[in-house]
Protein chains: 2
Amino acid sequence: MDIFLKTMGSLNDETRIKILHFIDTNKEVCVCDIENSFEMIQSRISRHLKILKDAGFLKVDRRGRWAYYSIRTPLDEFRLSILKEIAHLELNTPQLQSGCQNGK
Amino acid sequence: MDIFLKTMGSLNDETRIKILHFIDTNKEVCVCDIENSFEMIQSRISRHLKILKDAGFLKVDRRGRWAYYSIRTPLDEFRLSILKEIAHLELNTPQLQSGCQNGK
DNA sequence: TACATATATCAATATATCTTGATATATGTA
DNA sequence: TACATATATCAAGATATATTGATATATGTA
């Protein structure tokens, strides 16, 4: 029950739904890319990423100064169906705006 | 986005998850059956039912003094997958305790 | 009509969650 | 070492949600 509740809770927020879809679309992004693309302050993004990660949607790969977030693989059927549902919402997710000096 | 958010919000509550599963299991129940089975006061149950209905999971059929709640049909793939996921949680849902004089 | 039953809604309070700004930590560079 | 960059976490205030008890509405029965 706990992880299911946590999963639902993670999606009970418009910002997180958009961030999740943004990562799903852009495959791998660092925190400052999201910060820049969404024009939100870093602590806010960081907190939402933690919630999405704890809910089982994301994984982090730390390389150098950066934390790269992407969709966890392999992802279970249920979470995949959620991502699919979100993809169907046709949100106007922002374009990726690189916000740091990671040379990407 | 709005209905998706509402759907997630409706599941972001342990009581509602249990009520939803209870209805899924028992097919059709009236409010006082739930009230009695869960040992919760009526206003609380009534409110949760409204939230689950507005989220697209339930339908109501009013017959006489009673309001019978059941899973909306037909239910879309996404909500069906959620019900399936909840069924897999193995919650210990209470037994149906008829709480009113509906003669069932 | 008067009353009981079943359900819905409201107001007040309690609890949880979100946002912001400040601070902590960790890595890389001059 | 000193400093800048990237990220995480914390505290405070704002906002949202849940619970309770009271009340409203609607149906059926004596």
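For the structure itself, consult the block above.
Residues numbered from 1 in each chain as written. Chains lettered and ligands numbered in written order. Predicted model: local features only at pLDDT ≥ 70, side-chain atom pairs only at ≥ 80, totals over all residues. Heavy atoms only, no water.

Caption draft 1: Quick peek at the interface of chain A and chain B. In this assembly, 18 residues from chain A lie in contact with 18 residues from chain B. Roughly 1,700 Å² of surface becomes buried between chain A and chain B when both sides are summed, with 79% attributable to carbon and sulfur atoms. Contact with chain B buries area across many residues of chain A, yet M1(A), F4(A) and F78(A) alone supply 35% of it, more than any other trio. Along the contact surface separating chain A from chain B lie 0 salt bridges. (Contact = heavy atoms within 4.5 Å. Buried area = accessible area lost by both parts, 1.4 Å probe. Salt bridge = Lys/Arg side-chain N within 4 Å of Asp/Glu carboxyl O.)

Caption draft 2: View of the packing of aromatic side chains. Residues and elements named next belong to chain B. All chains considered together, the criterion is met by 4 aromatic pairs over all chains. When the centroid spacing of 5.9 Å and the interplanar angle of 25° are considered together, the rings of F4 and F78 count as stacked. Of this pair, F4 sits in helix α1 (residues 2-10) while F78 sits in helix α5 (residues 77-87), and the two are 74 residues apart along the sequence. Judged by its relative accessible area of 3%, F4 is buried. Taking relative accessible area as the criterion, F78 reaches 5% and is therefore assigned buried. Aromatic side chains F22 and F38 sit 5.2 Å apart centroid to centroid with 80° between the ring planes, which places their arrangement in the edge-to-face category. On the criterion of sequence distance, the pair formed by F22 in helix α2 (residues 14-26) and F38 in helix α3 (residues 31-38) is long-range, its members being 16 residues apart. (Phe/Tyr/Trp six-rings, centres within 6.5 Å; stacked < 30°, edge-to-face > 60°. Helix = DSSP H or I, 4+ residues; strand = E, 2+ residues; numbered from the N terminus. Buried < 20%, exposed > 50% of the residue type's maximum accessible area, 1.4 Å probe, protein only.)

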